[in-house]
Amino acid sequence: MTDLSSSPPAPRPRGDTLPGNPMMWLLIAAELLVFGAALLGYAGARALDPAGFAAAQDGLDRLAGTINTAVLLTSGLFAALATEARRRGERGWTRILLTVAALIGSIFLVVKAHEYAAEIAAGNGLDTSTFHTLYFLITGFHAVHVVFGIVILGIVMIFDDLEHVETGTAFWHMVDLVWVVVFPTLYLLR
Amino acid sequence: MHPETRHLVLTWAVLMGLTTALGFAGDVLHASRLGVAFLAVIGVVTLVKARLVLARYLRLELAPGFLSGFTGSLAVTVAVIVLSFAVIHQPLVAKPFAGAPIERPTAKP
């Protein structure tokens, strides 16, 4: 699996340099600000109607949310392993690990689709309550990022320079990081 | 196994353990209300998980300034959210199960 035609790059020195393309880090910072503002807005709306939010939140499938957290973190592991493999010059392994990361990531979307189907079957939609509006908007926006992330992982499987792989997996880890904060806020805190 | 691979797998195992702990702290199988201590545990575990993703998966452990910046801004966000839940706490209101007899006040003789 090792590509002997190109020697592995030297390890990145410790210091304040970011892996991948700096523009991706600007995007990551912007995305974290957007999701942070959305979650603070959620907390503010909940403060105005704690009883309504508590009743609506009890309808969520918290176990599915926990499973999806494990799914994304596992997918993130394979993305990180892919980056390490690319640093060592193992291009074949890099592609395999990126494929596994994308496949596991798609499980997140399947579980999320089941959750949405259950909510809709229970008569809950975007305009059912303030809680449901925020729930569908925040998790839907995140799910769109998961779709983009899977597409980006597919792109860097083809254009597999180290910088491209670092940039693509950085986006995927951002999606992971956002869910690490979204899940407890929407599903657990009550 | 490469040292970096072992490092990442260990991080993943810790993240899985913390996710399980979060499930217990958040009482995912019941529609209970959580005490303030549990809210605090959820906040702390969330921040530890976020820092691990930033440091290990995103490799910001090699860029300590950025790691502190990202962690700090997330900490402020999570702290404000958890505090808002702790201050405006919603006690559990028991709901009668379907089919339960409705108790009516009896008329005094």
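About the criteria used
Residues numbered from 1 in each chain as written. Chains lettered and ligands numbered in written order. Predicted model: local features only at pLDDT ≥ 70, side-chain atom pairs only at ≥ 80, totals over all residues. Heavy atoms only, no water. Helix = DSSP H or I, 4+ residues; strand = E, 2+ residues; numbered from the N terminus. Buried < 20%, exposed > 50% of the residue type's maximum accessible area, 1.4 Å probe, protein only. Areas by Shrake-Rupley, 256 points an atom, 1.4 Å probe, with all protein chains shown as cover. Contact = heavy atoms within 4.5 Å. Buried area = accessible area lost by both parts, 1.4 Å probe. Salt bridge = Lys/Arg side-chain N within 4 Å of Asp/Glu carboxyl O. Phe/Tyr/Trp six-rings, centres within 6.5 Å; stacked < 30°, edge-to-face > 60°. Axes fitted to C-alpha atoms, helices over the stretch in contact; angles between N-to-C directions. Parallel < 35°, antiparallel > 145°, perpendicular 65-115°, else oblique. Left-handed = near helix turned anticlockwise from the far one by under 90°. Polar contact = N/O pair within 3.5 Å; in protein donor to acceptor, adjacent residues only side chain to side chain.

S.K.: Before we move on, could you go through the overall build of chain B and cite the residues and values that matter?
M.R.: When helices and strands are tallied, chain B shows 3 helices and 0 strands. Starting at the N terminus and walking to the C terminus, you meet the elements of chain B as α-α-α. Counting every position in chain B, which comprises 109 residues, the buried fraction comes to 39%. With the model as given, the accessible surface of chain B reaches about 6400 Å², and the carbon-plus-sulfur share is 73%.

S.K.: Go over the interface of chain B and chain A, please, and point to the residues and values.
M.R.: Counting residues at the interface gives 48 residues for chain B, matched by 51 residues for chain A. Of the roughly 4500 Å² buried between chain B and chain A, counting both surfaces, carbon and sulfur atoms make up 72%. On the chain B side of the interface with chain A, the three residues burying the most area are Tyr57, Leu58 and Phe85 of chain B, jointly 15% of the side's total. The interface formed by chain B and chain A holds 2 salt bridges in total. Between Arg33 of chain B and Asp58 of chain A there is a salt bridge; the shortest N-O distance is 2.8 Å.

S.K.: A description of the packing of aromatic side chains should follow, citing residues and the corresponding values.
M.R.: Residue and element names in this part refer to chain A. For the structure on display, the rule yields 15 aromatic pairs over all chains. For the ring pair Tyr116 and Phe136, a centre distance of 5.3 Å and an interplane angle of 45° mean the geometry is tilted. Residue Tyr116 is located in helix 4 (residues 91-121), and its partner Phe136 is located in helix 5 (residues 130-158); the two are separated by 20 residues in the primary sequence. Taking the relative accessible area as the measure of exposure, Tyr116 reaches 18% and is therefore buried.

S.K.: How would you summarise the pattern of salt bridges if you had to cite specific residues and measurements?
M.R.: One pass over the structure, following the stated rule, counts 11 salt bridges over all chains. Here Arg56 of chain B and Glu61 of chain B are joined by a salt bridge, their closest N and O atoms 3.3 Å apart. Overlapping salt bridges bring together Glu84, Arg87 and Glu166 of chain A together with Glu4 and Arg59 of chain B as one network.

S.K.: Before we move on, could you go through the environment of Leu27 of chain A and cite the residues and values that matter?
M.R.: Residues and elements named next belong to chain A. Its location among the elements puts Leu27 in helix 1 (residues 22-48). Residue classification places Leu27 among the partly exposed residues on the basis of a relative accessible area of 34%. C-alpha of Leu27 to C-alpha of Phe171: the two residues are 144 residues apart in sequence and 8.5 Å apart in space.

S.K.: Pulling in residues and values, what's your account of the packing of helix 4 of chain A against helix 6 (residues 162-188) of chain A?
M.R.: When two helices pack together, their arrangement is given by the angle between the helix axes and by the axis-to-axis distance. Residues and elements named next belong to chain A. Across the interface, helix 4 lies against helix 6 with an axial gap of 13 Å and an inter-helix angle of 30°. Compared by their axis directions, helix 4 and helix 6 come out roughly parallel. The crossing of helix 4 and helix 6 is left-handed. Between helix 4, through Thr94, Leu98, Ala101, Gly105, Phe108, Lys112 and Glu115, and helix 6, the contact on the second element is made entirely by Val165, Thr169, Trp172, Trp179 and Tyr187.

S.K.: Could you give an account of the side chain of Asp58 of chain A, with specific residues and numbers?
M.R.: Examined against the element boundaries, Asp58 of chain A turns out to sit in the loop between helix 2 (50-57) and helix 3 (62-87). In this structure Asp58 of chain A comes out as buried when scored by relative accessible area, which is 18%. Of note is the side chain of Asp58 of chain A, whose polar atom sits 2.8 Å from the side chain of Arg33 of chain B. Ignoring anything within four residues of it in the chain, the contact list for Asp58 of chain A reads Arg190 of chain A together with Ala31 and Arg33 of chain B.

None of this, on its own, says anything about what the molecule does.
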